[in-house]
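Inside the fold
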Amino acid sequence: MIRFDNVSKTYPKQTRPALRDVSLEIEKGEFVFLVGSSGSGKSTFLRLLLREERASHGQVHVLGKDLARLSNWKVPHMRRQLGTVFQDFRLLPNKTVGENVAFALEVIGKPRGTIRKTVPEVLDLVGLGGKEDRMPGELSGGEQQRVAIARAFVNRPMLLIADEPTGNLDPQTSVGIMKLLDRINRTGTTVVMATHDQQIVDQMRKRVIELEKGRLVRDQSRGVYGYQH
Amino acid sequence: MRAQFVLSEIGVGLRRNLTMTFAVIVSVALSLALFGGSLLMRDQVETMKGYWYDKVNVAIFFCNKGDAETDPKCTKGAVTTDQKDAIHADLKDMPSVESVIHESSDEAYKHYKEQFGDSPLVNSLTPDQMQESFRIKLKDPEKYQLIKSAFDGRDGVQAVEDQRKTVDNLFELLNGMNYAALAVMALMLIVAMMLIVNTVRVSAFSRRRETGIMRLVGASSFYIQMPFIMEAAFAGLLGAGVACVMLVVGRYFLIDHGLALADKLQLIQFVGWDQLIAKLPLVLAIGLLMPALAAFFALRKYLKV
């Protein structure tokens, strides 16, 4: 599903690499936490997965494709097989919940009939059935994140990438979001989630990958957030 | 791609940048009106050059029957075949003459009609009122005086004319105006393009949230860029439409009505409506394509895909 071979990434005009010689493999259907302090390289790791950036050295394989060899015009097609969720939800404030989810289908040219059928289904799945016509501003943070997850999942992606999805939410709401992500994971979707939330990582007991100053320092199945620092 | 979705995006984008859109439309309209105007001016010069302008340098006009009474040079009556033959032979002997063409009065009538069309002046003429002439091409156009001194005043010759001298001043003026129009057009076009680049930048910035999400969910770059390019193309097309109206109205008021040059300067055959209308598709195409291209290149810089 995902393979990093000796991947390094140095941003232009910077001497210190953001990622240094990282090698790892993530299998289909896994649930992986990506932890590490700010500036440890988590975001760079995710950006490489999305091919927002290219690796300076080494190879990144996602969904069986070598991203370095993927030509620019094929990138959108690759991204259709990924779902992404962010800390700040990234919803369109002037569109309703339903339209926000439908937007993801419209812009990749899905027929109207498919959209009308799948949008309510996926909203039901994330627990927002019947809230199609509400505006994002009327919803709580947890509900907004559910909309974002619905949008990420509406294409039934093979891989869901979540960048601190609970970063803006209170602990109780976060648990709800994690249950939802776990459910999505059980449908066979691989989930890679960057987080700072110690409680969640410790509770879920999933595989934990820890980065520190761009290096892979820990890769532990059924791990916890971290050793005491 | 869903047309309705794209169209609504264009509408939203144009309304958001209403002032900028307006500026784009006006500058495109002005530059394209100047462009169309200069094209027409070139046509006008071509029309006025007439049949012989590019082919010969000097014309020797012969007296015809009518001239015998009115022109002091033709008191001896219409030119005779012998006189013509003699002149032709003399011309052949001159080393600076490259070629001589004989234009009969019938041919002269035909060429005149081609140039001036159906003006009342032409309709009052008959072929035998037209002058016979020798049209002479010189190896060196500057040697015109040589011909003039040799043949002016000979029996049967009414006049020796340097074809170019008579109209060159006018053409130079028209050409000068043409270049000025083209220069202003180029300037306006640059202004228009810069406005479009800026509009696209503002537009891309105000929609970065949408485009960011489009990118994330895997919309193709074509799909993401299309609304911006269509916006620019649409504004450009509106500007081109205004330019077309300006050209049509301009011709109407300059030539047909208002200034009514067609009535005041009956000797000049003005460019026709058909020539004007033939230019409009080109003006519209440029109005559509130039802004679209400008937007496309601006997007490469301001919209990461």
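Just so we're clear, the structure is a prediction, and the values are computed from it rather than from any experiment. Here the residue index of a chain counts from 1 through its sequence in written order. Here the convention is simple: chains get letters from A, ligands get numbers from 1, in the order in which they are written. Local features are withheld for residues below a pLDDT of 70 in this predicted model, meaning they are given only at 70 or higher, and side-chain atom pairs are given and counted only at 80 or more; totals for whole chains, interfaces and linings count all residues.

Our focus in this paragraph is the overall build of chain B. Secondary structure elements follow DSSP: runs of H or I no shorter than four residues count as helices, runs of E no shorter than two count as strands, and numbering proceeds from the N terminus. Check the secondary structure of chain B and you find 12 helices and 4 strands. The globule rule puts the C-alpha radius of gyration for 305 residues at 19 Å, and the 29 Å found for chain B is more than 25% above it. Viewed in the frame of its principal axes, chain B has a C-alpha envelope of about 95 × 40 × 30 Å. Throughout, a residue-residue contact means that the two C-beta atoms, derived from backbone geometry, are no farther apart than 7 Å. Relative to all contacts within chain B whose residues are 6 or more apart in sequence, the contacts with residues 24 or more apart total 85%. Computation of the radius of gyration draws on C-alpha atoms alone. For the globule rule, the value is 2.2 Å times the number of residues to the power 0.38.

What follows deals with the overall build of chain A. Within chain A, the secondary structure is distributed over 7 helices and 10 strands. Here the C-alpha radius of gyration of chain A, 18 Å, is about what a compact globule of 229 residues would show, namely 17 Å. C-alpha atoms of chain A, sized along the principal axes, occupy 50 × 45 × 35 Å. Any residue surrounded by 20 or more other C-beta atoms within 10 Å of its C-beta is treated as buried, while 12 or fewer makes it exposed and the intermediate range makes it partly exposed; C-beta atoms here are placed from the backbone. When each of the 229 residues of chain A is scored for burial, the buried share is 42%.

Glycine aside, the phi torsion of most residues is negative, and most peptide linkages are trans. Residue and element names in this part refer to chain A. One non-glycine residue, Asp21, adopts positive backbone phi at about 50 degrees. Assignment of secondary structure puts Asp21 in strand β2 (residues 19-26). Even without being glycine, Phe89 reaches a positive phi, approximately 65 degrees. Along the polypeptide, Phe89 turns up in the loop between β6 (82-86) and α3 (97-106). For Phe89, a count of 20 C-beta atoms within 10 Å corresponds to the buried category.

Another point: the interface of chain A and chain B. In this complex, chain A contributes 13 residues to the contact, which on the side of chain B involves 15 residues. Those elements that provide at least two residues to the side of chain A that touches chain B are α2 (75-79) and α3 of chain A. Classifying every residue of the side of chain A that touches chain B gives 6 nonpolar, 3 polar and 4 charged. Throughout, the ten residues Ala, Val, Leu, Ile, Met, Phe, Trp, Tyr, Cys and Pro are labelled nonpolar, Asp, Glu, Lys and Arg are labelled charged, and all others, Gly among them, are labelled polar.

Along its sequence, chain B is organised into domain 1 (3-49 + 168-302) and domain 2 (58-163). Where each domain begins and ends is defined by an automated method or by a domain database. Centre-to-centre, using C-alpha coordinates, domain 1 of chain B lies 48 Å away from domain 2 of chain B.

Mapped onto the elements, Ser206 of chain B comes out in helix α8 (residues 163-206). For the pair Ser206 of chain B and Ala235 of chain B, spaced 29 residues apart in the sequence, the C-alpha separation amounts to 18 Å.

With that settled, consider the nonpolar core. As used throughout, a nonpolar core is a set of buried Ala, Val, Leu, Ile, Met, Phe, Trp, Tyr and Cys residues joined through C-beta atoms within 7 Å of each other. If you look at the biggest cluster of nonpolar residues, it comprises 70 residues, and the most contacted ones within it are Leu34, Val101, Ala150, Leu160 and Val191 of chain A. In contact with Val191 of chain A, not counting residues within four places along its chain, are Phe31, Val32, Leu160, Ala162, Leu181, Ile184 and Asn185 of chain A.

Attention shifts here to the sheet that holds strand β2 (residues 97-103) of chain B. Residues and elements named next belong to chain B. The antiparallel open sheet is built from 4 strands, whose spatial order is β2-β3-β1-β4. Each edge of the sheet is formed by a strand with only one pairing partner; in this case those strands are β2 and β4 (157-162). Here the strands of the sheet are splayed against their neighbours by 20 degrees on average, with no regard to which way each runs. By the bridge criterion, 5 bridges tie strand β1 (residues 58-62) to β4 in an arrangement that is antiparallel. Bridging from a neighbouring strand, Val58 pairs with Asp162 of β4. Here an axis means a line fitted to C-alpha atoms, over the contact stretch when the element is a helix, while the angle between two N-to-C directions is reported on a 0 to 180 degree scale. Helix α7 (residues 144-151) contacts β1, β3 (133-138) and β4 of the sheet and is inclined by roughly 170 degrees relative to β4. Strand pairing requires that DSSP identify at least two bridges connecting the strands.

Glancing now at the UniProt feature "transmembrane region" (unreviewed entry) in chain B. UniProt positions are given in the numbering used here, feature names are shortened, and annotations may be inferred rather than shown by experiment. As annotated by UniProt and renumbered to match this structure, "transmembrane region" (unreviewed entry) occupies residues 21-41, 179-200, 236-255 and 276-299 of chain B. Within the segment residues 21-41 of chain B, helix and strand shares are 100% and 0% respectively, and the terminal C-alpha atoms sit 30 Å apart.

On to the pairing of strand β10 (residues 215-220) of chain A. All names here are of chain A. The pairing of strand β9 (residues 207-212) with β10 spans 5 bridges and is classified as antiparallel. By the bridge assignment for β10, Ile209 is matched with Asp219. The hairpin turn running from β9 into β10, its antiparallel successor, is 2 residues long, and Lys213 in that turn takes a positive phi close to 50 degrees.

To continue, consider the sheet that holds strand β3 (residues 31-35) of chain A. Residue and element names in this part refer to chain A. With respect to topology, 6 strands assemble into an open sheet ordered β6-β7-β8-β3-β9-β10, the strand pairing being mixed. Every other strand in the sheet has two partners, leaving β6 and β10 as the edge strands with one partner each. Shown here is a sheet whose adjacent strand axes are inclined to one another by a mean of 15 degrees, direction ignored. Here β3 runs beside strand β8 (residues 190-194); their pairing, made up of 4 bridges, is parallel. In the strand pairing of β8, Val32 is matched with Val192. In this fold helix α1 (residues 42-49) packs onto β3, β7 (159-163), β8 and β9, with an angle of close to 150 degrees to the strand it touches most, β7.

To continue, consider helix α5 (residues 141-153) of chain A. Residue and element names in this part refer to chain A. Helix span, as expected, comes to 1.5 Å for every residue beyond the first. Taking 1.5 Å of rise per residue, 13 residues should cover 18 Å, and α5 covers 18 Å from first to last C-alpha, within 8% of that figure. Listing the buried residues of α5 in full gives Glu143, Gln144, Gln145, Arg146, Val147, Ala148, Ile149, Ala150, Arg151, Ala152 and Phe153. Summarising the contacts, the buried residues of α5 are in contact with β6, α3, α4 (112-125), β7 and α6 (171-186).

Before going further, it helps to examine α3 of chain A. Burial runs high along α3 of chain A: 9 of the 10 residues are buried. Listing the buried residues of α3 of chain A in full gives Val97, Gly98, Asn100, Val101, Ala102, Phe103, Ala104, Leu105 and Glu106 of chain A.

Here the focus is the packing of helix α10 (residues 221-256) of chain B against helix α12 (residues 273-302) of chain B. Residues and elements named next belong to chain B. As a packed pair, α10 and α12 sit with axes 7 Å apart at the nearest point and diverge in direction by 150 degrees. Considered as vectors, α10 and α12 are oriented roughly antiparallel to each other. Between α10 and α12 the crossing geometry is right-handed. Across the contact of α10 with α12, the residue classes tally to 24 nonpolar, 4 polar and 1 charged. Roughly parallel means an angle under 35 degrees; roughly antiparallel, over 145; roughly perpendicular, 65 to 115; everything else is oblique. By the definition used in this description, the sense in which the near helix is turned from the far one sets the handedness, with an anticlockwise turn below a right angle giving left-handed and a clockwise turn giving right-handed.

Residues and elements named next belong to chain B. By secondary structure assignment, the location of His88 is in helix α4 (residues 81-93). Using a count of 14 C-beta atoms within 10 Å as the deciding quantity, one classes His88 as partly exposed. Considering only alpha carbons, one finds His88 and Phe134, 46 residues apart in sequence, at a separation of 8.2 Å. In contact with His88, not counting residues within four places along its chain, are Val100 and Phe134.

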